[in-house]
Amino acid sequence: MFGWLKKRQLNEQKKLLFQNEMASEIMARGYFAQKQDSNVVAMLENIQAETLRISSLADASSLVPAEETSRLLEMNKSLRKIYDSTAMCHVSGFDDAYRPLLGWDEYYKRGW
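Below: a short report on this structure.

1. Overview of the overall build of the protein
Thinking step 1. Scanning the protein from N- to C-terminus turns up six helices and zero strands.
Thinking step 2. When the helices and strands of the protein are listed from N to C terminus, the series reads α-α-α-α-α-α.
Thinking step 3. Rg of the C-alpha trace for the protein: 14 Å, near the compact-globule value of 13 Å for 112 residues, within the 12% margin.
Thinking step 4. Overall, the C-alpha framework of the protein stretches about 45 × 25 × 20 Å when taken along its three principal axes.
Thinking step 5. Counting the 112 residues in the protein, one finds 36% classified as buried.
Thinking step 6. Carbon and sulfur atoms provide 53% of the accessible area of the protein, an area that totals close to 7,100 Å².

What follows is the structure, given as C-alpha cells:
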C-alpha cells in the first residue's frame, strides 16, 4: 500500500475514535443527562464503550480491521444525527464542536 494512503487512513481512524469518544461522553454527561433522556444516554454510553473497545485494538502504525472501521463510521453517523437534534447544531457544526483544541494536524503528530 502507498505510504501516504496508509497515513491518511490512520489519521481518519484517529479522527473517528476521537470524535466518537468525545461526542458520546459530552452529550451523555451534558445535554441529554439534563433532559433526563435515558434512552439516548444509554445509546451514547454504548457508543462510548464500543469506541473504547476499538481504540484498544489500535496502535500508532497499524489500521484497525475494516469491519471495526465500518462500525466506527456507523457510530459517527449516529452521533451526528443525535447532535443535529440539539440546539448546539445552530451554533456550530459537529466537526467544529468535536475537534482537538490544537487542531487535527497537531493531534495526528502526537500519535495514539
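So that's the structure; there's more coming.
2. Focus: helix α4 (residues 66-84)
Thinking step 1. Relative to the 27 Å expected for 19 residues at 1.5 Å per residue, α4 spans 27 Å between its end C-alpha atoms, a close match to the ideal helical length.
Thinking step 2. Three or more residues of α4 are buried, namely Glu68, Thr69, Leu72, Met75, Asn76, Leu79, Ile82 and Tyr83. Buried positions in α4, seen along its axis, are confined to an arc of 135° and lie on one side of it. Exposed and oriented more than 90 degrees from the buried face of α4 are Ala66, Glu67, Lys77, Lys81 and Asp84.

3. Quick notes on the packing of helix α1 (residues 3-29) against α4
Each pair of packed helices can be described by the angle between their axes along with the distance between the axes.
Thinking step 1. Between α1 and α4, whose axes approach to 10 Å, the crossing angle comes to 40°. Taken together, the axis directions place α1 and α4 in an arrangement best described as oblique. Of the two possible hands of crossing, α1 and α4 adopt the one that is left-handed. Residue-level contacts link Gln13, Leu16, Leu17, Gln19, Asn20, Ala23, Ser24 and Met27 of α1 to Thr69, Leu72, Leu73, Met75, Asn76, Leu79, Arg80, Ile82 and Tyr83 of α4.
Thinking step 2. For the contact of α1 with α4, the residue count by class is ten nonpolar, six polar and one charged.

4. Focus: a nonpolar patch on the surface
Thinking step 1. On the surface, Phe2, Trp4 and Leu5 cluster together into a nonpolar patch covering about 360 Å² of accessible area.
Thinking step 2. Examined against the element boundaries, Phe2 turns out to sit in the segment before α1.

5. Overview of the packing of aromatic side chains
Thinking step 1. Tallied over the entire structure, the rule returns eight aromatic pairs.
Thinking step 2. With 5.2 Å between their ring centres and 55° between their planes, Phe94 and Tyr98 make a pair best called tilted.
Thinking step 3. For Tyr98, a relative accessible area of 7% puts it in the buried group.
Thinking step 4. An aromatic cluster is present here, built from Phe18, Trp104, Tyr107 and Tyr108 joined pairwise through their rings.

Calculation notes
Residues numbered from 1 in each chain as written. Predicted model: local features only at pLDDT ≥ 70, side-chain atom pairs only at ≥ 80, totals over all residues. Heavy atoms only, no water. Helix = DSSP H or I, 4+ residues; strand = E, 2+ residues; numbered from the N terminus. Rg over C-alpha atoms; globule rule 2.2 N^0.38 Å. Buried < 20%, exposed > 50% of the residue type's maximum accessible area, 1.4 Å probe, protein only. Areas by Shrake-Rupley, 256 points an atom, 1.4 Å probe, with all protein chains shown as cover. Expected span 1.5 Å × (residues − 1). Arc of directions from axis to C-beta. Axes fitted to C-alpha atoms, helices over the stretch in contact; angles between N-to-C directions. Parallel < 35°, antiparallel > 145°, perpendicular 65-115°, else oblique. Left-handed = near helix turned anticlockwise from the far one by under 90°. Contact = heavy atoms within 4.5 Å. Nonpolar A, V, L, I, M, F, W, Y, C, P; charged D, E, K, R; others polar. Patch = residues over 30% accessible without salt bridge, like charges linked within 9 Å, V, L, I, M, F, W, Y side chains within 5 Å. Salt bridge = Lys/Arg side-chain N within 4 Å of Asp/Glu carboxyl O. Phe/Tyr/Trp six-rings, centres within 6.5 Å; stacked < 30°, edge-to-face > 60°.

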